[in-house]
Amino acid sequence: MVALIRRKIEYPPLFTPPRITVDRALAPTLLWRHHSRPWSYAIMDDRQLQVLERKVDELIQLCEQLDAENRTLKSETQNWKIEREALIEKTDTARAKVDAMIQRLRALEKEC
């Protein structure tokens, strides 16, 4: 059974509503509900609370997994950048050597 507790008070903008005191035997957990009545609360039963806890745990696990994956990808990206810079340097060195060989061959060709 889900019972609703409501207070019908108009609050000025940016005003924090007063706390609602509820008998703990009747309301084990309060849930903020976003709908057309901005300051209404609903009491959750144990099954709903367990479902909510499971979903929150799943979201936490997903966030941890995505965080680990993100760190791995950032590390791999950094490694690829370093490797790319090394390959560019090797390519430039090889290009310079080939250009030098071509110049020597042309010079030898002119001598003969």
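Residues numbered from 1 in each chain as written. Predicted model: local features only at pLDDT ≥ 70, side-chain atom pairs only at ≥ 80, totals over all residues. Heavy atoms only, no water.

**Here's the deal with the overall build of the protein**
Phase 1: Looking only at helices and strands, one finds one helix and three strands in the protein.
Phase 2: In the protein, buried positions account for 8% of the 112 residues.
Phase 3: Summing over all exposed atoms, the protein offers an accessible surface of approximately 10,400 Å²; the carbon and sulfur share of this is 57%. (Helix = DSSP H or I, 4+ residues; strand = E, 2+ residues; numbered from the N terminus. Buried < 20%, exposed > 50% of the residue type's maximum accessible area, 1.4 Å probe, protein only. Areas by Shrake-Rupley, 256 points an atom, 1.4 Å probe, with all protein chains shown as cover.)

**Digging into the pattern of salt bridges**
Phase 1: In total, this model carries three salt bridges according to the counting rule given.
Phase 2: Arg71 is the partner of Asp67 in a salt bridge, and the nearest nitrogen-oxygen pair spans 3.5 Å. Here Asp67 pairs with Arg71, and both are found in helix α1 (residues 46-111), just four residues apart, close to one helical turn.
Phase 3: On the basis of relative accessible area, Asp67 is assigned to the partly exposed category, the value being 39%.
Phase 4: With a closest N to O distance of 3.4 Å, Arg95 and Asp92 form a salt bridge. A residue pair is termed a helical-turn pair when its members lie 3 or 4 positions apart in one helix, as Arg95 and Asp92 do in helix α1 at three residues. (Salt bridge = Lys/Arg side-chain N within 4 Å of Asp/Glu carboxyl O.)

**Here we look at the confidence of the model for the protein**
In low-pLDDT segments, the atomic positions of the prediction should not be examined closely.
Phase 1: Taken residue by residue, the protein gives an average pLDDT of 78. The fraction at 70 or more is 62%.
Phase 2: Of all helices and strands in the protein, the one with the weakest mean pLDDT is strand β2 (residues 30-32) (49), whereas α1 scores best (94). (pLDDT = per-residue confidence, 0-100.)

**Brief notes about a nonpolar patch on the surface**
Phase 1: A surface patch of nonpolar side chains, amounting to about 220 Å² of accessible area, comprises Leu52, Val56 and Ile60.
Phase 2: Secondary-structure assignment places Val56 in helix α1.
Phase 3: Val56 sits in the partly exposed class, given a relative accessible area of 37%. (Patch = residues over 30% accessible without salt bridge, like charges linked within 9 Å, V, L, I, M, F, W, Y side chains within 5 Å.)

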